[in-house]
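# Residue-level structural notes
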Amino acid sequence: MEMMQLTVPTSKPSFIATPLIVKRLALIIQRSTRFVLLEGPARSSKTALAIQAVYYALLRGPDITRGLIASRDMDTLNQNILEAEVIGFMKLHPECSLQRDEIGGYYIHVPTYQGDKTILITGYDNESRWKKVLGGSIDVVFLDEANIANKTFVRECFARQIASNSPLTIFTTNGDNPDNMIYQEYGNYAKPIGNIPASTLNLMQEFKVVHANDKDCINGTKAGWYYFFFRM
């Protein structure tokens, strides 16, 4: 797949796409990639990568038209993802715009060479709101701080991607209890990529041994599922 050039504003400071970020981005936005867990401390670039991955994953084909970005609440989503200094989605992609939908919420209008696309936005703290947002099929999902998200919401996001020709789900987390559902139902099935703490690798390997023959698995790993660890 030909790598697309990142769009960055000309003002300073600017977002610097390091070779490692570009390499990881290239893997995430392949059509064969289904799930990615990005884990690490705050300010380790995982959110910056996830933001770019959502945008470029929408360009995986003209059949990919709808995305979703969710965080703990709308204030956090706006502050840490949409308008974050340097890395914010709206900062890096000023051609996009926030628009109000028919149910009174907002979405991101994304004009592309493949036609107009949409990214829904919601906080997973508001069940009535996210139930309305998840009323249709979604191609690309980004859940920030997925470890604290409503469990039903997380599972529903996957369910809403069944009809997609190229579904992609991205989780970010600062880390949590190994028994958290994002590991037990998703993360531990991923293929670890890059330099990862030995303790994390051991936990993943123990899980894979027990779940070696689970559905769609080869030795406990699902094709197109990846885990990345970020350091400061």
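Residues numbered from 1 in each chain as written. Predicted model: local features only at pLDDT ≥ 70, side-chain atom pairs only at ≥ 80, totals over all residues. Heavy atoms only, no water.

This part covers helix α3 (residues 74-82). Inspection of α3 places T76, L77, I81 and L82 among the buried residues, and these make up the whole buried set. The arc enclosing the buried residues of α3, seen along the axis, measures out at 155°, which places them on a common side. Turned more than 90 degrees from where α3 packs its buried face, D75 and Q79 sit exposed. (Buried < 20%, exposed > 50% of the residue type's maximum accessible area, 1.4 Å probe, protein only. Helix = DSSP H or I, 4+ residues; strand = E, 2+ residues; numbered from the N terminus. Arc of directions from axis to C-beta.)

By the element assignment, Y107 lies in strand β4 (residues 106-112). With a relative accessible area of 17%, Y107 lands in the buried category. For the pair Y107 and T122, spaced 15 residues apart in the sequence, the C-alpha separation amounts to 8.7 Å. Those residues within four positions of Y107 in sequence are excluded, and the remaining contacts are S97, L98, Q99, R100, D101, T118, I119, L120 and I121. (Contact = heavy atoms within 4.5 Å.)

Before going further, it helps to spend a moment on the layout of surface pockets. Empty space within the largest pocket amounts to approximately 670 Å³. At the level of elements, α2 (46-57), α3 and β7 (168-173) are the ones that each hand at least two residues to the lining of the largest pocket. The biggest single contributor to the lining of the largest pocket is α2, with three residues. Counted by class, the lining of the largest pocket contains eight nonpolar, ten polar and five charged residues. Here the second largest pocket is characterised by a volume of approximately 280 Å³. As for the second largest pocket, its lining consists of 17 residues, of which P178, Y183, N188, T200 and L203 are closest to the centre. (1 Å grid on protein atoms, 1.4 Å probe; cavity = no way out; pocket = protein on both sides within 12 Å on 5 of 7 lines; lining within 4 Å. Points joined across faces, edges and corners; volume = space filled by probe spheres on them. Nonpolar A, V, L, I, M, F, W, Y, C, P; charged D, E, K, R; others polar.)

Let us now look at the pairing of strand β6 (residues 140-143). Side chains of β6 alternate between two faces, with V140 and F142 and V141 and L143 buried alike. The pairing of β6 with β7 spans four bridges and is parallel. Bridge pairing in β7 links V141 to T169. For the crossover from β6 across helix α6 (residues 151-159) to β7, the handedness is right-handed. (Pairing = 2+ DSSP bridges. Right-handed = clockwise from strand over helix to strand, strands pointing away.)

To continue, consider the pattern of salt bridges. Throughout the structure, instances matching the rule amount to six salt bridges. K91 is the salt-bridge partner of E83, the closest N and O atoms lying 3.9 Å from each other. Given a relative accessible area of 35%, E83 falls into the partly exposed group. (Salt bridge = Lys/Arg side-chain N within 4 Å of Asp/Glu carboxyl O.)

Moving on: the nonpolar core. A general trend in soluble globular proteins is that nonpolar side chains are found buried together. In this structure, I28, L38, I69, F89, I108 and I170 are the most contacted members of the largest nonpolar core, which totals 36 residues. Of the residues forming this core, the biggest block, eight residues, is contributed by α2. With near-sequence residues (within four places) excluded, L38 lies in contact with I28, K46, L49, A50, I170, F171, T172, T173, F228 and F230. (Core = buried A, V, L, I, M, F, W, Y, C linked by side-chain atoms within 4.5 Å.)

Of note in the backbone geometry, V86 takes a positive phi value of approximately 75° without being a glycine. Its location among the elements puts V86 in the loop between α3 and α4 (89-92). Judged by relative accessible area, which is 22%, V86 ranks as partly exposed. Phi is positive for D216, which is not a glycine, with a value near 65°.

Here the structure, examined in full by the defined rule, presents 15 aromatic pairs. Consider the rings of F158 and W225, whose centres lie 6.3 Å apart with planes at 35°: the pair is tilted. Taken together, the residues F158 in helix α6 and W225 in strand β11 (residues 225-229) connect sequence positions 67 residues apart. This pair shows no difference in class: F158 is buried, exactly as W225 is. Pairwise contacts between aromatic rings join F35, F158, F171, Y186, Y189, F207 and W225 into one cluster. Over the aromatic face of Y189 sits the side chain of K222, whose NZ or CZ is 4.6 Å from the ring centroid. (Phe/Tyr/Trp six-rings, centres within 6.5 Å; stacked < 30°, edge-to-face > 60°. Lys NZ or Arg CZ within 6 Å of the ring centre and 35° of its normal.)

This part takes up the confidence of the model for the chain. For the chain, mean pLDDT is 90; residues scoring 70 or higher make up 93% of the total. Here residues 1-5 is modelled with pLDDT under 50, and outside its nearest four sequence neighbours on either side it reaches nine contacts, counting other chains as well. (pLDDT = per-residue confidence, 0-100.)

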